[in-house]
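# Commentary on secondary and tertiary structure
In case you want the letters, here they are:
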2 protein chains.
Amino acid sequence: MNAELIAVGTELLMGQIANTNAQYLSQRMAEIGIAVYHHAVVGDNLERAQKALGIAKQRGANVIILCGGLGPTEDDLTRQVVASFLGKTLNLSDEIVEHIRSFYTYRGREMPENNKQQALVIEGATVLDNPRGTAPGQYIEADGVHYFLLPGPPAELKGMYQEQVLPILRHVQGAAKQVFASRYLHTFNIGESSLELKIKDIIESQSNPTVAPYASEAGCTIRLTASAATEDEARALITPVEKAIRERIGHYVYGIDDETLPVKPGLLLREKGQRVVTAESCTGGMIGQMLTDVSGCSDYFYGSVVAYDNTIKERVLGVDPQVLREHGAVSEETAKQMAEGARKLMGVEWAISVTGIAGPGGGTPEKPVGLVYIGVAGPGGTTVGEHRLFGDRTQVRLRAARTALHSLIERIQNEG
Amino acid sequence: MNAELIAVGTELLMGQIANTNAQYLSQRMAEIGIAVYHHAVVGDNLERAQKALGIAKQRGANVIILCGGLGPTEDDLTRQVVASFLGKTLNLSDEIVEHIRSFYTYRGREMPENNKQQALVIEGATVLDNPRGTAPGQYIEADGVHYFLLPGPPAELKGMYQEQVLPILRHVQGAAKQVFASRYLHTFNIGESSLELKIKDIIESQSNPTVAPYASEAGCTIRLTASAATEDEARALITPVEKAIRERIGHYVYGIDDETLPVKPGLLLREKGQRVVTAESCTGGMIGQMLTDVSGCSDYFYGSVVAYDNTIKERVLGVDPQVLREHGAVSEETAKQMAEGARKLMGVEWAISVTGIAGPGGGTPEKPVGLVYIGVAGPGGTTVGEHRLFGDRTQVRLRAARTALHSLIERIQNEG
């Protein structure tokens, strides 16, 4: 099977947003073994969108996923595009109208009349519910091609994919009776090309599972995907290859599968019944934000002090004014006192601190942009690492936050 | 003139990276008035890439920009694709070989033989120098279509566009040169469909400027884009239409152009010489993170306390334990005390507080998931708003953070 992704939206052609939905869906297709040979983007234009559908069909896609253009405004045309391409009618669903109306009622507002457009269903299509927004998705099969109409907002699209599109695709794949299983090994502190070199022979000698290292949001991830008649059989194919890879680069692996950088510390802390807080300067609250993105984090995350200004470092975290004068806010000593101050202030076992120069301004020859000190205060004492991170302001901040989370994971693991 | 962007690279189809080059180039095309009707992405495959070129030419693009596939490895095929599509030969340029060799020599390394592939020039093409990497670009005109071959790495592509592609495009645009100007009006608290209904007649009666409302990251934005012989003339066309729109929905507009939600509070605070801090519970540090994403924010942002656990609300922010017992952590009273506590603790003019239920757990019939209290403590006293936000955990947190920033903007503006 092969899929083509068509994004519909003039905002993409104007460069107002990047087509991250195509990236997300491509990853998901790769996971279940559906090849993607083309992405296409067209504007909110009936004729051009229909032609794009025709091209996709002609070049042999048997799964066509359209993203966007399901909103309530006049330029949201995806429903019309597909209906007219397939020669089907559009029918108003009272049930969907009521669902959308309840969405507005809950917020104490009245549903605008044009929202009714979102309740138009292609003749013969299955409605894909959207608990995250007003635009339901649709699924229809015609001439052996499976068409999915998904909403453009990424949070809505991702939820709908996981909950409703994936089961349908699995079912469609059914006839071929293949089950896919994957294992993800998340690594830190090693680049994609070095990683690839270290396991090149394994990558090249394997076809089931396939072994694919890729740059992930926080470091590099190695994906092993095997197919077999059952999930157990697929997993059994993965095990020896995973073992061989771990023998080479196991010390870079900090987590598997869902154990991403913001998730892993929580798993370790919950097991030990311990808690963590953060003391942040240049990251501005990003580490706390990452940790609290994980549902149930109140078990182990207590809070943060963002001490952006030096007065807050002194006043709230108790950093010694003399340390700030002599060593500066971006120094090993300040990072140490920030972590220890936060740990004491909030009365928990662990505290992470970050102080650095995110740029673009503020750098000097001795303390350049990208210089970041990361402290971890815990039951076994306080450690501080000096890091020189590269990139623009956003990248330095992100890398600092991730390095901090990784430092915490290492400390907790090392103290057994 | 209209352009089509074709990205060549299997890594895009595997979802390893997002097609940010398409976003960048689309923005640049919009700035100089070249319409972009399609983006396409194909893999490192000679046949499919050639077909994509054929489709682009057939649908009338007179500028075709190919990104990627100019590297030294075997799957870097873009040079071959274009040469063979146009029926031209590829010739080795000794000059480019020497340039690439010097790139390696400078780093004390030897040029690998496969880098010579990067010195193959399409017969009749202009070479576009690449001071940032080894892959030079190429430009060739054939049958009235202008083909640009640009390297995939964004930093190389951007530099080459600015320095070499833009002057060629300007020259090609020649006499028909049009200048575009845009104005963005950022709104909050009004949905895209309601916004469109209120200005529907203006949208429909205008063609220069065009008026386009779209859902942006934080609310809705209206884009007005006019074209004229000079930027001043284009701006003059926008002014009366902007005025007419503001007469209808001006109270929803919180900022223009670059004045996004995280930026606007800083502009207002800097003007008044005032400072802000945050006291966050369910947002976990996100508001501080958003404010500190803005370079130079140290002028007005002092810090945050993330009081995720109630002990931190009491211990650090001084929230009355009795208030927490009687009203709960998610209550108007707690939000008020959090904001006032943070303002006092950090000694600044303004404090924002957020406490709410982000879900998925923790909701009750009286206090459902999505219930959020937002407090603003300032020179004129403390106000607290009750909000019922929808969506999953991530969305509730994002919406709470944005609503908090918007509440701060309103309070500062109202206290004139």
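All values reported here derive from a predicted model rather than from experimental measurement.

## Considering the domain arrangement of chain A
Residues and elements named next belong to chain A. Looking at chain A, the domain boundaries give domain 1 (2-175), domain 2 (179-256) and domain 3 (264-414). Computed from C-alpha atoms alone, the centre-to-centre distance between domain 1 and domain 2 is 33 Å. Facing the six residues of domain 1 at the interface are five residues of domain 2. For the pair domain 1 and domain 2, the summed buried area comes to about 400 Å², and 47% of that belongs to carbon and sulfur atoms. Per-residue buried area on domain 1 facing domain 2 is highest for Ala30, Glu31 and Arg170; these three make up 75% of the total on that side. Linking domain 1 to domain 2 there are zero salt bridges. Remark: the boundary between domain 1 and domain 2 carries one residue pair in polar contact (both at pLDDT 80 or more).

## Quick look at the packing of helix H3 (residues 46-58) of chain A against helix H4 (residues 78-86) of chain A
Residues and elements named next belong to chain A. The geometry of H3 relative to H4 is characterised by a closest axis approach of 9 Å and an angle of 55° between their N-to-C directions. The angle between H3 and H4 falls in the class oblique. Where H3 crosses over H4, the handedness of that crossing is right-handed. Along its contact with H3, which presents Leu46, Ala49, Gln50, Leu53, Gly54 and Lys57, the element H4 presents Gln80, Val81, Val82, Ser84 and Phe85. Of the residues belonging to the contact of H3 with H4, the class tally is six nonpolar, four polar and one charged.

## Details of the pattern of salt bridges
Under the definition given, this model contains 42 salt bridges over all chains. Arg411 of chain B is the salt-bridge partner of Glu415 of chain B, the closest N and O atoms lying 2.7 Å from each other. The class for Arg411 of chain B is buried, based on a relative accessible area of 10%. Residues joined in a network through salt bridges with shared partners are Arg183, Glu242, Arg246 and Asp257 of chain A.

## Some remarks on the sheet that holds strand S16 (residues 371-378) of chain B
Taken in spatial order, the 10 strands of this open sheet run S17(A)-S16(A)-S15(A)-S13(A)-S14(A)-S14(B)-S13(B)-S15(B)-S16(B)-S17(B), and their pairing is mixed. At either end of the open sheet lies a strand with only one pairing partner, and these are strand S17 (381-388) of chain A together with strand S17 (381-388) of chain B. Going from strand to strand, the sheet's axes swing by 15° on average, the running direction of each strand aside. Relative to strand S15 (residues 350-356) of chain A, helix H14 (residues 332-346) of chain A is tilted by about 145°, and along the sheet it contacts strand S13 (276-280), strand S14 (301-307), S15, strand S16 (371-378) and S17 of chain A.

## Section: the packing of aromatic side chains
Pairs of aromatic rings are described using the distance from one ring centre to the other and the angle between the two planes. Inspection of the entire model under this criterion finds 10 aromatic pairs over all chains. When the centroid spacing of 6.4 Å and the interplanar angle of 65° are considered together, the rings of Phe85 of chain B and Tyr147 of chain B count as edge-to-face. Of this pair, Phe85 of chain B sits in helix H4 (residues 78-86) while Tyr147 of chain B sits in strand S8 (residues 145-150), and the two are 62 residues apart along the sequence. Judged by relative accessible area, Phe85 of chain B falls into the partly exposed class, the value being 27%. Given a relative accessible area of 1%, Tyr147 of chain B falls into the buried group. The ring of Tyr302 of chain A is capped by Arg275 of chain A, whose NZ or CZ atom sits 5.0 Å from the centre of that ring. One residue, Arg48 of chain B, lies across the ring of Tyr37 of chain A, its end atom 3.9 Å from the ring centre.

## Focus on the sheet that holds strand S12 (residues 253-256) of chain B
Within a sheet, adjacent strands bond to each other through the backbone by hydrogen bonds, running parallel or antiparallel. All names here are of chain B. Overall, antiparallel pairing links the four strands, which are arranged S10-S11-S9-S12 in an open sheet. Pairing within the sheet leaves two strands with one partner each, and these edge strands are strand S10 (210-216) and S12. Between one strand axis and the next, the sheet turns through 25° on average, direction left out of account.

## Quick word on unusual backbone geometry
Here the bond from Asn208 of chain A into Pro209 of chain A is cis, since omega is 10°, no more than 30 degrees from zero. Inspection of the secondary structure puts Pro209 of chain A in the loop between helix H8 (200-205) and strand S10 (210-216).

## Concerning the interface of chain A and chain B
Listed as interface residues are 72 residues of chain A and, on the opposing side, 73 residues of chain B. Buried surface at the junction of chain A and chain B, both sides included, amounts to about 6000 Å², of which 53% is carbon and sulfur. Our count for the contact surface shared by chain A and chain B stands at four salt bridges. The closest approach of N and O atoms between Lys200 of chain B and Glu74 of chain A, which form a salt bridge, is 2.1 Å. Connecting chain A to chain B are 33 residue pairs in polar contact (both at pLDDT 80 or more).

## Remarks on the UniProt feature "domain: MoaB/Mog" (unreviewed entry) in chain A
Residues annotated by UniProt as "domain: MoaB/Mog" (unreviewed entry) correspond here to residues 4-172 of chain A. Taken as a whole, residues 4-172 of chain A contains 41% helix and 23% strand, while its terminal C-alpha atoms sit 16 Å from one another.

## A look at helix H9 (residues 231-249) of chain A
With 19 residues, H9 of chain A extends 26 Å from end C-alpha to end C-alpha; this agrees with the ideal 27 Å at 1.5 Å per step. Along its length, H9 of chain A reaches its greatest deviation from straightness, about 25°, at Thr239 of chain A, and the proline Pro240 of chain A lies no more than four positions downstream.

## Some thoughts on the side chain of Thr78 of chain B
Residues and elements named next belong to chain B. Tracing the backbone shows Thr78 in helix H4. Separated by 2.7 Å, the side chain of Thr78 and the backbone oxygen of Gly68 make a polar contact. Leaving out residues up to four positions away in the same chain, Thr78 has contacts with Val8, Leu66, Gly68, Gly69, Leu70 and Leu149.

## Focus: the pairing of S13 of chain A
Residue and element names in this part refer to chain A. Taken across its five residues, S13 has five buried, putting it largely inside the fold. Residues Val276, Thr278 and Glu280 point to one face of S13 and Val277 and Ala279 to the other, with burial holding for every one of them. Sheet topology places S13 next to S14; five bridges connect them, and they run parallel. Opposite Val276, over in S14, you have Phe301 as the bridge partner. A crossover connection joins S13 to the parallel S14 through helix H11 (residues 286-291); in handedness this β-α-β unit is right-handed. Bridge count for S13 against S15 is five bridges, and the pairing is parallel. Following the sheet pairing, Glu280 is matched in S15 by Val354.

## Focus: the side chain of Gln23 of chain A
Its location among the elements puts Gln23 of chain A in helix H2 (residues 20-31). Judged by its relative accessible area of 18%, Gln23 of chain A falls in the buried class. A polar side-chain atom of Gln23 of chain A sits 3.1 Å from the main-chain carbonyl oxygen of Gly15 of chain B. The residues contacting Gln23 of chain A, other than those within four sequence positions of it, are Gly15, Gln16, Ile17 and Ala18 of chain B.

## Description of helix H6 (residues 154-173) of chain A
Residues and elements named next belong to chain A. Along its 20 residues, H6 runs just 25 Å from first to last C-alpha, ending more than 12% under the 28 Å computed at 1.5 Å per residue. If you look at H6, its biggest bend is around 50°, right at Tyr161. Among all positions in H6, only Glu156, Leu157, Gly159, Met160, Tyr161, Gln164, Val165, Leu166, Ile168, Leu169 and Gln173 are buried.

## Structural notes on the environment of Val305 of chain B
Within the secondary structure, Val305 of chain B sits in strand S14 (residues 301-307). When its relative accessible area of 0% is taken as the criterion, Val305 of chain B is described as buried. Separated by 27 residues in sequence, Val305 of chain B and Thr278 of chain B have C-alpha atoms that sit 6.4 Å apart. Residues within four places of Val305 of chain B in sequence aside, it is in contact with Ser304 of chain A together with Thr278, Ala279, Glu280, Ile312, Val316, Leu317, Leu345 and Met346 of chain B.

## Points about the environment of Gly284 of chain B
Among the secondary structure elements, Gly284 of chain B is positioned in the loop between strand S13 (276-280) and helix H11 (286-291). Distance in space between the C-alpha atoms of Gly284 of chain B and Thr355 of chain B is 9.7 Å, their sequence separation being 71 residues. If near-sequence neighbours (up to four positions away) are discounted, Gly284 of chain B is found in contact with Gly285, Gly288, Gln289 and Thr292 of chain A together with Val306 and Arg397 of chain B.

## A closer look at the nonpolar core
Among the nonpolar cores identified, the biggest contains 35 residues, and Leu317 of chain A together with Leu317 of chain B are the most heavily contacted of them. Taken together, the elements giving at least two residues each to this core come down to S13, S14 and H14 of chain A together with S13, S14 and helix H14 (332-346) of chain B. What Leu317 of chain A contacts, discounting residues up to four positions off in sequence, is Ala279, Val305, Ala307, Ile312, Gln337, Met338, Gly341 and Ala342 of chain A.

Parameters and conventions
Residues numbered from 1 in each chain as written. Chains lettered and ligands numbered in written order. Predicted model: local features only at pLDDT ≥ 70, side-chain atom pairs only at ≥ 80, totals over all residues. Heavy atoms only, no water. Domains from an automatic or database assignment. Contact = heavy atoms within 4.5 Å. Buried area = accessible area lost by both parts, 1.4 Å probe. Salt bridge = Lys/Arg side-chain N within 4 Å of Asp/Glu carboxyl O. Polar contact = N/O pair within 3.5 Å; in protein donor to acceptor, adjacent residues only side chain to side chain. Axes fitted to C-alpha atoms, helices over the stretch in contact; angles between N-to-C directions. Helix = DSSP H or I, 4+ residues; strand = E, 2+ residues; numbered from the N terminus. Parallel < 35°, antiparallel > 145°, perpendicular 65-115°, else oblique. Left-handed = near helix turned anticlockwise from the far one by under 90°. Nonpolar A, V, L, I, M, F, W, Y, C, P; charged D, E, K, R; others polar. Buried < 20%, exposed > 50% of the residue type's maximum accessible area, 1.4 Å probe, protein only. Pairing = 2+ DSSP bridges. Phe/Tyr/Trp six-rings, centres within 6.5 Å; stacked < 30°, edge-to-face > 60°. Lys NZ or Arg CZ within 6 Å of the ring centre and 35° of its normal. UniProt positions renumbered as here; feature names shortened; annotations may be inferred. Expected span 1.5 Å × (residues − 1). Bend = angle between axes of the 7 residues up to and from the residue. Right-handed = clockwise from strand over helix to strand, strands pointing away. Core = buried A, V, L, I, M, F, W, Y, C linked by side-chain atoms within 4.5 Å.

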